[in-house]
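Below, each chain spelled out in residue letters.
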Amino acid sequence: MKSKILSALRNAQDYVSGQELCESLGVSRTAVWKGVKKLKEEGYNIEAVPNKGYRLMESLDVLNARELENFRQTSWIGETTVYYEVTDSTNIQAKRLAEEGAAHGTLVVAGCQEAGKGRRGRFWESPEKDGIFMTLLLRPDFKPEKASMLTIVAALSVAKAIQTILELPAKIKWPNDIILNEKKICGILTEMNTEIETINYVVVGIGINVSNQKFEGDAALIATSIALESDKKIHRAKLIDAVWQQFEIYYEKLCKKGDLSGLKEEYDSFLVNKDRQVRILDPKEPFEGVARGISETGELLVETNAGVRAVSSGEVSVRGIYGYV
Ligand code: ATP
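Here the structure is a predicted model, which means the values were calculated and not measured. (Residues numbered from 1 in each chain as written. Predicted model: local features only at pLDDT ≥ 70, side-chain atom pairs only at ≥ 80, totals over all residues. Heavy atoms only, no water.)

**Things to note about the layout of surface pockets**
Estimates place the volume of the second largest pocket at around 750 Å³. Lining the second largest pocket are 39 residues; nearest its centre among them are Gly118, Arg122, Phe123, Trp124 and Lys184. At the level of secondary structure, the elements contributing two or more residues to the lining of the second largest pocket comprise helix H5 (90-99), strand S5 (131-138), strand S8 (183-194), strand S9 (199-209), helix H7 (219-222) and strand S14 (317-320). Residues belonging to the lining of the second largest pocket are distributed by class as follows: 16 nonpolar, 13 polar and 10 charged. Two domains share the lining of the second largest pocket, each providing at least three of its residues, namely domain 2 (65-269) and domain 3 (273-320). (1 Å grid on protein atoms, 1.4 Å probe; cavity = no way out; pocket = protein on both sides within 12 Å on 5 of 7 lines; lining within 4 Å. Points joined across faces, edges and corners; volume = space filled by probe spheres on them. Helix = DSSP H or I, 4+ residues; strand = E, 2+ residues; numbered from the N terminus. Nonpolar A, V, L, I, M, F, W, Y, C, P; charged D, E, K, R; others polar. Domains from an automatic or database assignment.)

The following block contains the structure:
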């Protein structure tokens, strides 16, 4: 009932009389009144004016299973969506669901994480209501060595979604970070479970800083949020849907070609380090060069005095010469 009232108000974008709601939803006036009351308690700003009816004012950024369903316009991602107000980490939950047989396209979303992780086990700050924490479960039909391309696809999807719906100049720091004004607003963590030649499942975890006002520890130096960089109003469920709509488009291109040849040019146009001097923090042998873009399989192409080197993600980190980017 609450969902139906909410979508009726959203679609109308103006007053809808109690009578109209009763008729279109086939329920009593009291049922409508109770539904509206509950929605208000959940944080929706609904105005009730005598002789006019109800109107949904600018809604707060409420995130819950219903909002995710309301905004969902993807075709296969999120057909099954699992929402947690609080969880340890959406990657952990997605892996658990995968082990229990969950389908390709299952999406896990959380309101906050108590054990969010970055690469190499590093902590990911995931405070309540401040961010987007979500993981997509995939069962791709390709070899394990191709899985790292999914991080590239995810990064491109986030950058493109932020650019499209928020009109902010999001960039990508290869391979897995999204940057706004030279600071990090999003990290991506891809993990997989494989047999020798096949992938059992991959989970692609995405954390986006939406309304954080400050960061702790080493993140304080490199992190920012959409709210700190702009005055854009954000509805997390809408941004989540925008990211996965993009992902569906890019994922199809990846599967069709079997590599990133259909995406490379667009990815390179988002690359924050493109044609800039970078330092490659390779544990075996760090080196410097100029980042020129990615290869068709997702390596970073770095021009050095000794020629172009293709760097694969794995254990490597990329930094600017003077700082994080
Ligand atoms: P590298 O380039 O070495 O992989 P990274 O920046 O990609 O580094 P990740 O593994 O993606 O690192 O993320 C973990 C790091 O991100 C943490 O060590 C911390 O410095 C930083 N961090 C933690 N929480 C956040 C957050 N909410 N937003 C931005 N950065 C964060």
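We are not done yet, so read on.
**Comments concerning the domain arrangement of the chain**
Each assigned domain of the chain is listed with its residue range as follows: domain 1 (2-56), domain 2 (65-269) and domain 3 (273-320). Look at where the C-alpha atoms of domain 1 and domain 3 centre, and you get two points 55 Å apart.

**What to know about the site of the ligand**
Arg119, Asp177, Lys184, Ser317 and Tyr324 are the nearest of the 20 residues found near the ligand. Taking Lys184, its side chain carries an N or O atom lying 2.6 Å from an oxygen atom of the ligand. In the model, a nitrogen atom of the ligand is placed 2.8 Å from a nitrogen or oxygen of the Asn209 side chain. When the ligand is considered free in solution it has 630 Å² of accessible area, and contact with the protein chains removes 95% of it. Among the detected pockets, the ligand sits in the second largest pocket. For the shell around the ligand, the secondary structure elements donating two or more residues are H7 and S14. (Near = heavy atom within 4 Å. Polar contact = N/O pair within 3.5 Å; in protein donor to acceptor, adjacent residues only side chain to side chain. Areas by Shrake-Rupley, 256 points an atom, 1.4 Å probe, with all protein chains shown as cover. Sits in = over half its atoms within 2 Å of the grid points.)

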